[in-house]
Structure formats: C-alpha cells, structure tokens
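What the coordinates show
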Amino acid sequence: MGLGDIAQLMREGIMQVFMLCAPVLGAALIIGLVISIFQATTSIQEQTLTFLPKLLTILLVLALLGGWMFSRMENYTQGLFEQIPNMG
C-alpha cells in the first residue's frame with residue numbers, strides 16, 4: 001500500500017465526515033440565523049432562546065436522514081473492510 005492509497009483513504013474519510021455532518025450543521029445554522037434575526041428585531045436578548053429550536057431541528061434532521069447516513073457509513077465501512085487484504 002503506497003502513500004497515494006493512504007491519501008485516498010484519508011480523503012474519502014474526510015469527505016464522509018463532511019457529507020454526514022453537513023445536513024445537521026446546516027439546519028442548525030439556518031435555525032440559529034432565523035432566531036438571531038428574530039431576537040435582533042424584537043430586542044430580546046435571551047441567550048437560551050436558541051437552544052430548544054436548534055435541538056428539535058437537529059433531532060428532526062437526524063430522524064429524517066438517519067437511514068441515509070447509516071447506509072453511507074455502512075457502504076464506506078464495507079469498502080474499507082474489502083480493502084484490508086490489499087493493504088498487507
């Protein structure tokens with residue numbers, strides 16, 4: 001196994017992390033932005049106001065996309081295990 005193969009495995013792993021985290025983080029970012037705009041327009045300066053909506057949004061995204069996330073991780077992990085004999 002050469003340096004190029006190791007770099008390819010690292011690149012694929014990092015892309016998997018980005019693909020799995022992006023929907024959850026994107027949804028939390030959008031909800032946080034909407035609530036921040038609401039707080040700025042109404043002059044409500046409560047710091048804990050964003051916690052519950054973000055938590056519910058993250059749970060909703062995980063409930064909706066959890067199957068897709070697990071299938072991507074399963075495919076990636078199976079691919080890694082299939083490459084183990086070629087590594088030695």
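Relevant structure appears above.
Please read all numbers here as calculations on a predicted model, not as lab measurements.

1. Details of the nonpolar core
In terms of nonpolar packing, the biggest core is built from five residues, these being Leu-20, Val-24, Ala-27, Val-61 and Met-69. Elements with a contribution of two residues or more to this core: helix H1 (3-42) and helix H2 (51-87). Look past the residues within four positions of Met-69 in its chain and what remains in contact with it is Leu-20, Pro-23, Val-24 and Leu-62.

2. Some thoughts on the side chain of Thr-50
As for its position among the elements, Thr-50 is in the loop between H1 and H2. When residues no more than four places from it in sequence are discounted, the contact partners of Thr-50 are Ile-35 and Gln-39.

3. Some words on unusual backbone geometry
The phi dihedral of Ser-43 falls on the positive side, at around 60°, and the residue is not glycine. Along the chain, the position of Ser-43 falls in the loop between H1 and H2. For Ser-43, a relative accessible area of 58% corresponds to the exposed category.

4. Some words on a nonpolar patch on the surface
A cluster of nonpolar residues, Ile-14, Met-15, Val-17, Phe-18, Met-19, Leu-60, Leu-64, Leu-65 and Trp-68, forms a patch on the protein surface that exposes about 850 Å² of accessible area. Elements represented by at least two residues in the nonpolar patch include exactly H1 and H2. Looking at the nonpolar patch element by element, the count peaks at five residues for H1. Along the chain, Met-15 turns up in helix H1.

What counts and what doesn't
Residues numbered from 1 in each chain as written. Predicted model: local features only at pLDDT ≥ 70, side-chain atom pairs only at ≥ 80, totals over all residues. Heavy atoms only, no water. Core = buried A, V, L, I, M, F, W, Y, C linked by side-chain atoms within 4.5 Å. Buried < 20%, exposed > 50% of the residue type's maximum accessible area, 1.4 Å probe, protein only. Helix = DSSP H or I, 4+ residues; strand = E, 2+ residues; numbered from the N terminus. Contact = heavy atoms within 4.5 Å. Patch = residues over 30% accessible without salt bridge, like charges linked within 9 Å, V, L, I, M, F, W, Y side chains within 5 Å. Areas by Shrake-Rupley, 256 points an atom, 1.4 Å probe, with all protein chains shown as cover. Salt bridge = Lys/Arg side-chain N within 4 Å of Asp/Glu carboxyl O.

Everything listed here is a matter of coordinates, which is why it stays silent on function.
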